[in-house]
Amino acid sequence: SRRDRPTARCTRQDRGRREGVRGPRAGLQAVQAIPDRDKLSSYYLLYAALGEFESQLNDPLAAAGYFRKSIQLTEIKSEQMFLQRRFQDCEAQMQA
């Protein structure tokens, strides 16, 4: 069913993140537990969500890596601009 697809599970995890249901550590664990996660390797929102989780956990180096990957995978200009700002925020945090 569509609910069982990896992209649907990732989207549900992102929705949970936005609603603040469990916190960033639980979000990372939930993403890591997605069966067939390797099928999401070209899904830019996976890396955007991971970047947000790592950012919330105050790991700007890991977050920047995920945001960089997400930027590379999306062709949507508005998304690229948003992710670029998040990436730059991480870089600034690392230099502080």
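**Student:** Sorry if this is basic, but what is going on with the overall build of the protein chain here?
**Tutor:** A tally of regular secondary structure across the protein chain gives five helices and zero strands. Evaluated residue by residue, the protein chain yields a buried proportion of 36% over its 96 residues. Considering only residue pairs separated by 6 or more positions, the protein chain has 54% of its internal contacts joining residues 24 or more positions apart.

**Student:** Could you clarify how one ought to interpret helix 5 (residues 77-95) in this entry?
**Tutor:** Note: α-helices contain 3.6 residues per turn, so residues at a spacing of three or four share the same orientation. For helix 5, which comprises 19 residues, the first-to-last C-alpha distance of 27 Å matches the rise-based estimate of 27 Å (1.5 Å per residue) to within 8%. Of the residues making up helix 5, those classed as buried are Leu83, Arg86, Phe87 and Cys90. Taken end-on, helix 5 shows its buried residues confined to a sector of 100°, consistent with a single buried face. Those residues of helix 5 that are exposed and aimed more than 90 degrees away from the buried face are Lys77, Met81 and Gln95.

**Student:** I tried to follow the packing of helix 3 (residues 44-56) against helix 5 on my own but got confused; where do I start?
**Tutor:** Interhelical geometry of helix 3 versus helix 5 gives an angle of 25° and a closest axis separation of 11 Å. Relative to helix 5, helix 3 is oriented roughly parallel. For the element pair helix 3 and helix 5, the recorded crossing hand is left-handed. Residue-level contacts link Tyr44, Leu45, Ala48, Glu52 and Ser55 of helix 3 to Glu79, Phe82, Leu83 and Arg86 of helix 5.

**Student:** Just to check I follow, could you spell out the packing of aromatic side chains for this structure?
**Tutor:** The geometry of an aromatic ring pair is captured by the separation of the ring centres together with the interplanar angle, meaning the angle of the planes. Using the criterion set out here, one finds one aromatic pair in the structure. Positioned over the ring face of tyrosine 47 is lysine 69, at 5.9 Å from the centre of the ring.

**Student:** Hey, could you run me through helix 3 in this one?
**Tutor:** A rise of 1.5 Å per residue sets the reference length of helix 3, with its 13 residues, at 18 Å; its end C-alpha atoms lie 19 Å apart and thus fit the reference within 8%. In terms of burial, helix 3 is largely enclosed, as eleven of its 13 residues are buried. Here helix 3 has its buried residues at Tyr44, Leu46, Tyr47, Ala48, Ala49, Leu50, Gly51, Glu52, Phe53, Glu54 and Ser55. Within two residues after helix 3, asparagine 58 carries a phi angle of roughly 60°, on the positive side.

Conventions and cut-offs
- Residues numbered from 1 in each chain as written.
- Predicted model: local features only at pLDDT ≥ 70, side-chain atom pairs only at ≥ 80, totals over all residues.
- Heavy atoms only, no water.
- Helix = DSSP H or I, 4+ residues; strand = E, 2+ residues; numbered from the N terminus.
- Buried < 20%, exposed > 50% of the residue type's maximum accessible area, 1.4 Å probe, protein only.
- Contact = heavy atoms within 4.5 Å.
- Expected span 1.5 Å × (residues − 1).
- Arc of directions from axis to C-beta.
- Axes fitted to C-alpha atoms, helices over the stretch in contact; angles between N-to-C directions.
- Parallel < 35°, antiparallel > 145°, perpendicular 65-115°, else oblique.
- Left-handed = near helix turned anticlockwise from the far one by under 90°.
- Phe/Tyr/Trp six-rings, centres within 6.5 Å; stacked < 30°, edge-to-face > 60°.
- Lys NZ or Arg CZ within 6 Å of the ring centre and 35° of its normal.

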